[in-house]
Amino acid sequence: MKLYEYMGKELFAEYGIPTPRGKVASSAAEAAAAAEELGEVVIKSQVLSGKRGKSGGIAFATGSEEAEKEAGRILELEVQGMKVEKLLVEEKLAIEQELYLAITVDNGARCPVILASLDGGMDVEEVPEERMIRWPLDISTGLQPYMIREICRLMGVSGEMSKQMLKLLPKLYRLFRELDAELVEINPLASTPDGLVAADAKVTIDDDALYRHPGLPRISEKTALELKAEELNLAYVELGGDIAVMANGAGITMATLDMVQNFGGTPANFLDFGGGAGVEKTSQALELLLGTNPKAILINIFGGITRCDVVADAFVKVKEQGFIDVPVSFRLVGTNETEGRAILERIGISAYETMSDAVKHAVELAREA
Amino acid sequence: MKLYEYMGKELFAEYGIPTPRGKVASSAAEAAAAAEELGEVVIKSQVLSGKRGKSGGIAFATGSEEAEKEAGRILELEVQGMKVEKLLVEEKLAIEQELYLAITVDNGARCPVILASLDGGMDVEEVPEERMIRWPLDISTGLQPYMIREICRLMGVSGEMSKQMLKLLPKLYRLFRELDAELVEINPLASTPDGLVAADAKVTIDDDALYRHPGLPRISEKTALELKAEELNLAYVELGGDIAVMANGAGITMATLDMVQNFGGTPANFLDFGGGAGVEKTSQALELLLGTNPKAILINIFGGITRCDVVADAFVKVKEQGFIDVPVSFRLVGTNETEGRAILERIGISAYETMSDAVKHAVELAREA
Amino acid sequence: MSIYINEDTRVLVQGITGNQGSFHTAQMLEYGTKIVGGVSPGKAGQQVEGVPVFGTVFEAVEKVQPQASILFIPAPFAKDAAMEAIDAGIKVMVMIPEHIPLHDAISIMSYASLNDVVVVGPNTFGLVSSGSCKIGIMPNRYFIPGPVGVVSRSGTLCYEIVGNMTASGIGTTTVVGLGGDRVVGLNFIDVLKEFEKDDDTEVVVMVGEIGGSAEEEAARFISDEMSKPVLAYLAGKSAPPGKRMGHAGAIIERGRGTYESKVEALNAAGVKVAELPSEMPDLIKPLL
Amino acid sequence: MSIYINEDTRVLVQGITGNQGSFHTAQMLEYGTKIVGGVSPGKAGQQVEGVPVFGTVFEAVEKVQPQASILFIPAPFAKDAAMEAIDAGIKVMVMIPEHIPLHDAISIMSYASLNDVVVVGPNTFGLVSSGSCKIGIMPNRYFIPGPVGVVSRSGTLCYEIVGNMTASGIGTTTVVGLGGDRVVGLNFIDVLKEFEKDDDTEVVVMVGEIGGSAEEEAARFISDEMSKPVLAYLAGKSAPPGKRMGHAGAIIERGRGTYESKVEALNAAGVKVAELPSEMPDLIKPLL
């Protein structure tokens with residue numbers, strides 16, 4: 001779960017990481033009031049995209065009049081397809097140097113990694129490897145002061161700035177660990193006459209650990225249907241085609257979509273209803289499928305932890321309630337396959353044995369519709 | 001640093017470990033008031049000795065009158081040579097079973113160890129080995145719930161009691177770690193109809209880590225001179241003899257005492273003024289030595305990190321101020337020995353080369369005095 | 001010969017009294033797996049499918065000496081159960097649960113690697129030494145002995161491919177599901193190494209997907225160290241970039257881990273990549 | 001042959017710019033120790049006694065490849081410095097500081113044993129391979145080469161005994177100070193094992209004290225595993241029970257660790273215990 005910049009900065013402030021003075025504004029008037037108080041300000045659209053600057057979503061202003069005008073303009077913007085609903089109005093920092101600092105997880109090494117560079121800012125992805133310090137951390141040892149001293153040396157940071165890093169980095173690591181973050185990123189970490197200040201904040205919390213953090217806000221980038229899917233704990237993405245696809249397992253769902261395209265069809269969605277779903281969850285997944293008004297439905301079940309009879313049962317129940325009015329191509333093999341097939345036969349559906357046959361049939365059904 | 005029971009219980013309460021309802025009393029009247037409120041009570045002398053029960057320092061009372069009488073009696077007691085200044089007046093628990101639970105450090109294994117037994121109470125030291133569960137902990141892994149389940153199984157604890165252990169033990173471990181404890185001990189851990197309750201509390205904090213815990217009280221079992229030594233960061237113990245002994249290093253100080261006894265003398269004290277002491281600390285140590293009014297002083301210096309010239313210098317300074325009016329036997333070898341000897345020569349003292357000669361001379365001096 | 005496990009491997013089921021635990025205990029027993037015990041705190045003394053239930057892994061280790069363990073434990077408690085298994089001396093651990101918090105997974109992997117424990121998963125279907133020992137949740141009938149080693153990032157897709165192979169009469173030596181989470185135990189290279197050493201394995205099939213760089217790294221290893229032929233299938237060719245698709249590992253980051261980059265790397269290492277899962281048997285046959 | 005260190009050991013001094021650090025750097029250089037660098041955060045680029053100072057241990061390892069390290073670091077910062085040395089690849093670490101918090105010592109030992117690092121101390125005078133390499137703070141002139149290995153729990157008392165030996169013309173192979181704290185790295189048995197293997201060591205002298213059970217455990221090891229003659233001196237015969245005497249290890253707990261129990265255990269293992277430090281040379285001579 002990505003957090004908005006202003007939320008990230010609230011967390012930073014809670015953990016004692018220096019942030020600029022600032023206010024959240026939802027209207028041009030609020031932005032003007034903030035600028036009145038703060039003087040020279042930067043006004044930043046609060047969206048989850050990384051390309052705010054290039055999309056015109058960031059502006060500088062002096063005085064409340066200019067702030068009001070710029071805020072009004074930004075509140076009309078869509079940044080990478082996302083409407084701007086909030087602004088962060090902050091004092092303009094006297095930035096002497098832009099550093100980069102982040103903690104994330106190195107999947108391959110299976111551990112947290114600190115990324116740090118003297119060359120922060122917009123083009124941080126282009127920083128040459130030797131100037132981007134990577135420091136893997138063993139969580140049982142944690143982040144120790146000596147590591148920060150060495151990171152500073154490798155970065156080329158010394159004196160007062162290294163003293164500030166010694167204070168700042170443990171706080172950032174504590175936030176990363178305590179809040180189950182996947183990513184905490186400060187870019188730029190601004191070196192100012194008053195010391196290091198987090199000029200931006202990107203914090204991503206692990207969705208699977210949200211239950212441990214009831215105090216955190218819940219933020220979503222999803223469409224209404226995707227949100228409903230999330231409520232149902234289903235992995236769902238809209239894709240815009242006309243064949244609604246449902247399968248059990250992310251890999252086979254992707255492979256099903258690939259095969260639909262391979263045979264000339266266009267998938268309406270990605271819907272992985274996971275392993276071991278019961279009747280209720282399966283029904284809910286089916287109802288979700290119908291939300292995109294597809295021309296055909298393709299159900300691809302290879303039962304392992306998922307039982308074929310449960311899926312067939314759920315399908316029959318939803319069908320009998322009259323919800324399913326588009327043709328269906330069903331593939332059903334695996335755990336309790338015989339029972340599942342028998343259930344479908346009762347309402348006149350004979351399931352395919354192979355994925356290819358089922359996908360081909362679905363593409364035909366959509367073409368004929 | 002040992003904490004009084006009531007302090008340990010205050011910490012327990014802070015960490016969410018159940019303790020009996022109770023009040024601290026400094027007078028019989030206060031004890032009576034507490035009993036008025038608590039009903040049937042136990043009155044416990046707050047001393048640092050473990051033998052309170054056997055010394056009459058614990059009493060039960062029903063009603064404020066009896067409480068006042070017993071409290072008055074206990075406040076007159078000396079428990080193992082320590083005056084009783086405070087009482088803890090607590091509700092009498094309905095104890096069904098007395099368990100034992102402690103966390104301390106296993107020096108040999110270099111790690112914390114949990115000690116747990118179903119057979120707590122007065123005779124816990126006699127519990128057979130197989131009924132006293134020892135669970136060593138790697139601090140990088142910490143205390144995990146599964147360990148507690150296994151400890152419970154080994155103890156023979158199950159059901160509701162094991163659920164309570166799962167809640168209680170992590171709190172005790174957190175206290176142990178966060179407060180730099182050398183020992184946290186609950187004996188007995190009382191099983192009552194309301195669950196497990198810490199009927200007693202022994203908490204010892206690592207002296208060397210006290211600087212990290214400015215919020216903790218400072219408690220001392222020491223005599224006035226020992227307290228002064230502590231202030232000066234010197235290891236000092238009074239022993240009652242007539243030869244004041246000072247050496248650098250605990251081992252050699254002990255060996256010096258051993259040798260004094262071996263040659264028929266009686267040491268007045270143990271004073272290890274440590275390695276690398278400067279002039280000021282050495283002077284203070286010398287002044288401390290005179291506090292026991294010895295018949296002779298024995299100074300045994302084998303300079304390593306300690307420099308002979310520094311010790312000689314300090315000695316001369318104190319001597320010249322006229323404080324040292326008893327005869328001195330000096331042994332001085334090691335780092336900067338030549339310089340040290342020269343300094344002593346100037347006031348007419350020729351230091352011995354060997355420890356044996358110096359000790360023999362000191363014993364003679366004391367005998368002649 | 002076999003890798004990681006064999007017909008003598010003594011298996012423990014953690015969370016045996018739950019729905020999934022008891023169902024798959026029956027399935028594994030039917031497959032022939034030597035299940036020697038189960039664990040379920042507070043239910044010591046019970047039996048599930050004739051298997052004795054213990055209160056802790058330590059107790060099970062003391063009484064029935066398991067070497068491997070499979071976890072059917074809800075995500076919030078999986079870390080504790082995994083660390084218990086490691087601490088108690090289990091040497092191969094299969095973690096079925098999904099949605100284990102990332103930081104918990106990191107803790108588990110750190111502790112496992114310290115103790116030289118092989119971790120399969122989490123969010124895996126497990127692993128099976130075909131015909132002798134299944135520690136997982138995959139449907140029994142598709143996993144028949146044969147000369148092909150299979151290692152997969154995804155579950156059902158792997159059944160699909162192994163199912164196609166089985167239908168064509170091609171069996172497997174060992175099938176390993178790496179697990180779909182961001183942080184998992186075994187990776188492609190670990191398993192490829194074992195297959196390279198395993199005398200019974202003649203051909204290796206990799207089932208990958210978009211996201212991450214595991215397939216690219218495997219390609220480098222194959223090109224440098226593997227003498228046996230390797231085939232692959234990759235899911236996600238049609239996936240729109242940047243959308244999250246259930247597996248955290250399927251997020252395409254910074255242009256790395258695309259379908260194209262993986263195919264290119266694998267082809268360069270001499271690995272043929274099947275366009276459809278159903279093509280796999282025909283690609284395998286000429287290599288046997 | 002020698003144990004732990006030898007004339008080629010490259011030594012780093014952590015905290016080299018402090019009073020003790022610079023003084024003992026000079027002393028060690030005078031003894032012949034190969035000091036290749038020092039560390040003092042914020043003072044990189046300086047020199048102490050001609051030795052280059054680096055900002056971190058990692059930098060020192062990169063530039064001058066030390067194998068051993070000696071710490072002159074105030075207690076509150078000792079844990080960090082020790083962990084840095086271990087992480088940076090130092091293999092023998094001598095910890096001079098006293099008053100290191102107990103929980104810090106535990107952390108250090110746990111991390112050191114994970115990384116197979118030999119820790120001498122804390123609260124030790126160090127160790128010396130006589131005549132070739134001194135990593136410690138003991139006075140140079142008493143440590144001359146010879147056939148006796150010495151291992152001691154206390155510092156100055158060890159100088160006393162070695163000084164007596166030196167005065168009688170008896171030199172040492174290696175002298176190891178275990179350190180006076182409750183939790184230390186090397187123990188008697190670790191060092192006895194090395195002396196048993198060391199061809200140059202003919203006799204071993206143990207200097208123990210009351211408290212703890214290290215001497216009793218050593219006695220068992222000597223009786224079971226040692227072929228070389230071992231002699232001992234124990235401090236604390238006259239100590240009143242239960243009083244704390246500077247060394248936490250010298251607290252007599254529950255009647256264990258008394259002077260009598262140690263003498264008895266050692267005698268039973270064939271170890272002669274000297275009554276006075278000055279008797280040691282006469283006990284050694286017949287054994288050479």
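Residues numbered from 1 in each chain as written. Chains lettered and ligands numbered in written order. Predicted model: local features only at pLDDT ≥ 70, side-chain atom pairs only at ≥ 80, totals over all residues. Heavy atoms only, no water.

Points about the domain arrangement of chain A
Rules: How far each domain reaches was decided by an automatic or database domain assignment.
When cut into domains, chain A gives domain 1 (21–91), domain 2 (97–212) and domain 3 (224–368). For domain 2 of chain A and domain 3 of chain A, the distance between their C-alpha centroids amounts to 44 Å.

Details of the packing of aromatic side chains
Note the following rule: Centre distance within 6.5 Å is the pairing criterion for rings of Phe, Tyr and Trp, where only the six-membered ring of Trp is used; planes under 30 degrees apart are then read as stacked, over 60 as edge-to-face, and the remainder as tilted. Numbered from the N terminus, helices here are DSSP runs of H or I no shorter than four residues, and strands are runs of E no shorter than two. For each residue, the accessible area found with a 1.4 Å probe, counting protein chains only, is set against the maximum for its type, and the residue is called buried under 20%, exposed over 50%, and partly exposed in between. Only lysine NZ and arginine CZ atoms are considered, and such an atom sits over a ring when it is within 6 Å of the ring centre and within 35 degrees of the ring normal.
Counted under the stated rule, the structure contains 18 aromatic pairs over all chains. A centroid spacing of 6.4 Å and a plane angle of 25° characterise the contact between Tyr173(A) and Phe176(A), whose relative ring orientation is stacked. Placement of the pair is Tyr173(A) and Phe176(A) together in helix α5 (residues 159–178), with a separation of three residues, close to one helical turn. Across the pair, Phe176(A) and Tyr173(A) agree in class, each one buried. Members of the aromatic cluster, each reached through a chain of ring pairs, are Phe302(A), Phe125(C), Tyr142(C), Phe143(C) and Tyr159(C). Directly above the ring of Phe60(B) sits Lys92(B), whose terminal nitrogen or CZ lies 5.4 Å from the centroid.

Focus: the pairing of strand β12 (residues 203–209) of chain D
Residues and elements named next belong to chain D. Where we set the bar: Should DSSP find at least two bridges between two strands, the strands are regarded as paired. When the strands point away from the viewer, a crossover counts as right-handed if the route from the first strand across the helix to the second turns clockwise.
Summarising burial for β12: seven of the seven residues are buried, a large majority. Burial of the side chains of β12 extends over both faces: Val-203, Val-205, Val-207 and Glu-209 are buried on one face and Val-204, Met-206 and Gly-208 on the other. Relative to strand β13 (residues 230–235), β12 runs parallel, the two being bridged by six bridges. Bridge pairing links Glu-209 to Ala-235 in β13. This β-α-β element, β12 to helix α7 (residues 214–225) to β13, shows right-handed connectivity.

Topic: the interface of chain D and chain A
Going by this rule: Residue contacts are counted whenever heavy atoms from the two residues lie within 4.5 Å of one another. Values labelled buried area give the accessible surface lost by two parts on being combined, using a 1.4 Å probe and summing over both. Salt bridges are defined as contacts in which a side-chain nitrogen from Lys or Arg sits within 4 Å of a carboxyl oxygen from Asp or Glu. Within 3.5 Å is the distance limit for a polar contact, defined as a pair of N or O atoms, with the added protein rule that one can donate a hydrogen and the other accept it, and that residues adjacent in sequence qualify only through two side-chain atoms.
With 12 residues of chain D at the interface, the matching set in chain A holds nine residues. Interface area, chain D with chain A, both sides summed: about 990 Å², of which 54% is carbon and sulfur. Its largest share of buried area at the contact with chain A, chain D owes to Thr56(D), Phe58(D) and Asp80(D), together 43% of the area lost on that side. Taken together, the connections running from chain D to chain A amount to three salt bridges. Notably, a salt bridge pairs Glu62(D) with Arg153(A), separated by 3.0 Å at the nearest N-O pair. The tally of links between chain D and chain A comes to seven residue pairs in polar contact (both at pLDDT 80 or more). Of all the elements in the fold, those that place two or more residues in the side of chain D that touches chain A are α2 (57–64) and α3 (75–88) of chain D.

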